[in-house]
Amino acid sequence: MKVAIPTIGTRVDEHFGHARTFTILTLDDSGQIVENESFLPPSGCGCKSTVGVTMQAKGVSVMLVGNIGQGAINKMAEHGIKVIRGCEGEILDVLKSWTDGDIEDKNILCNHEGCTH
């Protein structure tokens, strides 16, 4: 399974659409990381970029995010990617909490207040 996380350094980037980097972690059947890669997303707001196409091509099936808008969630769904919202902190801690079943989708949406897009 491949899990994508919008990242800034070693932390979850607060807003999907502003992420400068995405980290993709490949997990084996026991939930251990067997591969770690990063990629730079195409320019543009998350819902207007082709980041979903790139993630689908890389085999991503789940994305752990902080804030994300409905347009971007729809784009990820079009590419078979399940979005888990409300994640924050160090990416490895967030991944472990998710694989342990301690993180569920918080069903929150960015309403773009304070955003520049």
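Coordinates for the structure precede this section.
Residues numbered from 1 in each chain as written. Predicted model: local features only at pLDDT ≥ 70, side-chain atom pairs only at ≥ 80, totals over all residues. Heavy atoms only, no water.

A. How the structure looks around the overall build of the protein. Of regular secondary structure, the protein possesses 3 helices and 6 strands. When the helices and strands of the protein are placed in sequence order, the string is β-β-β-β-α-β-α-β-α. Long-range contacts, defined as pairs at least 24 residues apart, comprise 47% of the intrachain contacts of the protein with a sequence gap of at least 6. By element, 47% of the accessible surface of the protein is carried by carbon and sulfur atoms, the whole surface being about 6,400 Å². (Helix = DSSP H or I, 4+ residues; strand = E, 2+ residues; numbered from the N terminus. Contact = heavy atoms within 4.5 Å. Areas by Shrake-Rupley, 256 points an atom, 1.4 Å probe, with all protein chains shown as cover.)

B. Region of the structure containing the environment of V3. Counting through the fold element by element, V3 comes out in strand β1 (residues 2-8). Judged by its relative accessible area of 0%, V3 falls in the buried class. Contact partners of V3, with chain neighbours within four places excluded, come to T23, I24, L25, L27, V62, L64, L95 and W98. (Buried < 20%, exposed > 50% of the residue type's maximum accessible area, 1.4 Å probe, protein only.)

C. Examining the packing of aromatic side chains more closely. A complete count under the given rule lists 2 aromatic pairs for this structure. Between F16 and F22, the aromatic rings sit 5.6 Å apart at their centres with planes inclined by 65°, giving edge-to-face as the arrangement. Judged by its relative accessible area of 1%, F22 is buried. The interplanar angle of 20° and the centroid separation of 5.6 Å between the aromatic rings of F22 and F39 together place this pair among those described as stacked. Of this pair, F22 sits in strand β3 (residues 21-27) while F39 sits in strand β4 (residues 33-39); the two residues are 17 residues apart in sequence, bridging distant segments of the chain. (Phe/Tyr/Trp six-rings, centres within 6.5 Å; stacked < 30°, edge-to-face > 60°.)

Read these as geometric descriptors, not functional statements.
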